[in-house]
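Chain by chain, the residues:
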Amino acid sequence: MEIDALIYFCPIGDFCVKADDDDNKNKVQEALEVWDEVMNGEGLGGIPVILFFNKKDLLESRLKQNSVKNFVSGFDGANEYQPVMDFAKKKFLGILQEGAVSKAADVYIQETCAVDTENIRQVFDSIRDWMVKQVMEMAGVRQLFSDE
C-alpha cells in the first residue's frame, strides 16, 4: 500500500483527561505514544504529514482550572496557552528528531477547534495551499516559481 500523506490529530485540550485504556496516562500522552509508533513504523518514507492539535478551545478553558504540571511530566513553563502549545509541538517534533525525521518529507502543524467553522475554513484553506506546494515540489515545478 502506498501512502501519499498522513493526517494526525492530537486532542491537545485533553491534557487532564485520562486515557481510555490506561489511568496512568492522559489523552495527550497517549496520542504522543501513538504518534511515535506511527512515525517510526514502516512505509512512511518521505511523505508529508499534517499534525492537528485539536480542541484548542478546551485547552484554553481547562488551563484556567488545571495546572499542566500536574498532568504532564517535564513541563515547567507558565500555565498558559502558548507555552503549553510550544511544549506539545516540541514533544511531537522531538520524536521525529529521535528517529523518524527522514521518514517525513515535511510536517505541517495546525491548531484547531473543530466546532469553530471559521477556524476550520481557514485551516483547510491553508492546508490546501500547503498540499499544492507539496505536489508542485514533488513534480519539480515549484522551483520554477520560487525565489529560493
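Residues numbered from 1 in each chain as written. Predicted model: local features only at pLDDT ≥ 70, side-chain atom pairs only at ≥ 80, totals over all residues. Heavy atoms only, no water.

Caption draft 1: Structural view of the overall build of the chain. The number of helices and strands found in the chain is 5 helices and 3 strands. Listing the helices and strands of the chain from first to last along the sequence gives β-α-β-α-α-β-α-α. Within the chain, residue pairs in contact and separated by at least 24 positions form 65% of the contacts whose partners lie at least 6 positions apart. Carbon and sulfur atoms form 50% of the exposed surface of the chain, whose accessible area is close to 9,000 Å². (Helix = DSSP H or I, 4+ residues; strand = E, 2+ residues; numbered from the N terminus. Contact = heavy atoms within 4.5 Å. Areas by Shrake-Rupley, 256 points an atom, 1.4 Å probe, with all protein chains shown as cover.)

Caption draft 2: Fine view of the environment of A114. Within the element layout of this structure, A114 appears in the loop between β3 (104–111) and α4 (117–138). Residue class for A114 comes out exposed when judged on its relative accessible area of 54%. Sequence separation between A114 and D57 is 57 residues, and the spatial gap between their C-alpha atoms is 9.2 Å. (Buried < 20%, exposed > 50% of the residue type's maximum accessible area, 1.4 Å probe, protein only.)

Caption draft 3: Region of the structure containing helix α2 (residues 56–63). Among all positions in α2, only L59, R62 and L63 are buried. Summarising the axial view, the buried residues of α2 lie within an arc of 100°, below the 170-degree limit, and thus occupy one face. (Arc of directions from axis to C-beta.)

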